[in-house]
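Analysis of the macromolecular model
Each chain is listed here by its residues.
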Amino acid sequence: MDRVRTRIAPSPTGDDLHVGNVYTALFNYIWSKKHKGKFIVRIEDTDRLRFVPQTEARILASLRWLGLAYDEGPDIGGAYAPYRQSERLPIYQKYALKLIEAGRAYYCFCSSERLEKLRKSQHERKLPTMYDGHCKEIPLAEARRRASVEPNVIRLNVPEKGETIFSDMIRGKIHFQNAVLDDQVLIKSDGYPTYHLAVVIDDYLMQVTHVIRGEDWISSTPKHVILYWAFGWTLPYFAHLPLLRNPDKSKLSKRKNPVWTSWYREQGYLPEALLNYLGTMTWSMPDGRDKFSLSEMIEAFDIKKIKTTAPIFDLEKLSWLNGQYIRELSTKELASRLTTYLPKGTDTKLINKLAPLAQPRMKTLTEFTHYLGPFVAFKPVPLSTQEKNITREFIAEFELLLPWKTQQLELTAKKLVTQKNWKLREAFMALRQAVTGEKIGLPLFETLELLGKKEALLRMRQAL
Ligand code: GLU
């Protein structure tokens, strides 16, 4: 356990780091830190059709924003570099040839037409669609000769009989009948490895001790296990985490939930709140607490205590937790975090004054813009006759008022409301709308004080 090495191996095929990846990254990070080990990022960019050039940089930026600092990775290097699979092609070639040599893999020359026909006929006969081993029996010398001139792929030679068994740290022993495992392509016709070959070679060469990833990879694992055995390598520990779900229990998807980390950042979620929330998905603190820091999680975490029930990712719960985190920031820290969400040049003094007032009300940092609105971009709204009458009376009272302070303003306003027998809510709403143009916002009398007597009265008069 003193040499624990974990990794995440995102594929740069989407916009950014997926929240599902953040969730697996969290557990990998926690597990490595718990054992004073290393946490690695490897970019799995072998799917050239789905490759998105800008995404790797976004993934790494998101990890940094989250505070999941990695010890080795494509941009910082490390003892097992390179950490980008597209830069490791000769390594995969070398190992694939070793497998061929040992009869654990074979060249396949089947055309896409033949494979398509095979798929169709298996589909019609309601059989599992998998390769039929057509090229398996080609003698090696002949296959080698053909491979030098004909397009080909390299396939894994899965034993026809028997079982492949591996142990999962969360789920215990998992069995697969070899008969249902496809002779997986290992090297594609473009010379790139498939995920299956590359992941095994890299996890081995990078000395990854624990492969912690989503349960959607369970069905791939027996193929990996067969590869480890074919190479004569010791298996890493496997742990497959239950996948995050939408509130309707379907697999977390773009259509029902925002999935990219950048969305959460842009909306003003705090990284520590997002990580805390993801930490509660399949695991709980021994004392049942829902709110905990990363270091507390490292301290208390036990991989064996991960639950296999489907974790529901609920944006509302995350927002609630985010609000709790916002409330705990010091005013200084809050103001500094808010700055990144505001247009350049926004008055810092104003931010500092408004931040503590907005703090108890915000669920996300971007909500601050709404509270700031009346102070920087006032838009008057038309008032009803009744609201105008109320405003007129407030003007008369406030004109004489000194000092222009929250307490005095509130006292004066309340006195007037009683005197006139108005409904407090209605009267204050009229006043609020006259001075802010909004129905909801920061506490009314603090707002009036901050606006200043001149500006507040000017707005009230304009409202008439
Ligand atoms: N490249 C895979 C992914 O996109 C990695 C899966 C694994 O962790 O083995 O998630």
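Above: the structure in question.
What comes next concerns the included structure. Keep in mind that what you see is a predicted model, and the values were worked out from it rather than measured.

Once that is clear, we can look at unusual backbone geometry. Here the bond from Ala81 into Pro82 is cis, since omega is 0°, no more than 30 degrees from zero. Examined against the element boundaries, Pro82 turns out to sit in the loop between helix H2 (55–66) and helix H3 (89–101). Omega for the bond connecting Leu402 with Pro403 falls within 30 degrees of zero, at -10°, which places this linkage in the cis form. Its location among the elements puts Pro403 in the loop between helix H15 (385–399) and helix H16 (406–420). Residues other than glycine seldom take positive phi values, yet Lys126 does so here, at roughly 55°. One can find Lys126 in the loop between helix H4 (112–124) and helix H5 (140–147). Positive phi, normally seen in glycine, also occurs at Asn421, with a value near 65°. Position of Asn421 relative to the elements: it lies in the loop between H16 and helix H17 (424–436).

The next thing to look at is the pairing of strand E9 (residues 237–241). Of all the five residues making up E9, four are buried; the element is thus mostly covered by neighbouring parts of the structure. Of the pairings in the sheet, the one linking strand E8 (residues 210–214) to E9 comprises five bridges and is parallel in character. Looking at E9, one finds that Val211 is bridged to Phe238. The handedness of the E8 to E9 crossover, carried by helix H7 (residues 221–231), is right-handed.

Parameters at a glance
- Residues numbered from 1 in each chain as written.
- Predicted model: local features only at pLDDT ≥ 70, side-chain atom pairs only at ≥ 80, totals over all residues.
- Heavy atoms only, no water.
- Helix = DSSP H or I, 4+ residues; strand = E, 2+ residues; numbered from the N terminus.
- Buried < 20%, exposed > 50% of the residue type's maximum accessible area, 1.4 Å probe, protein only.
- Pairing = 2+ DSSP bridges.
- Right-handed = clockwise from strand over helix to strand, strands pointing away.

Just distances and angles here, no functional claims.
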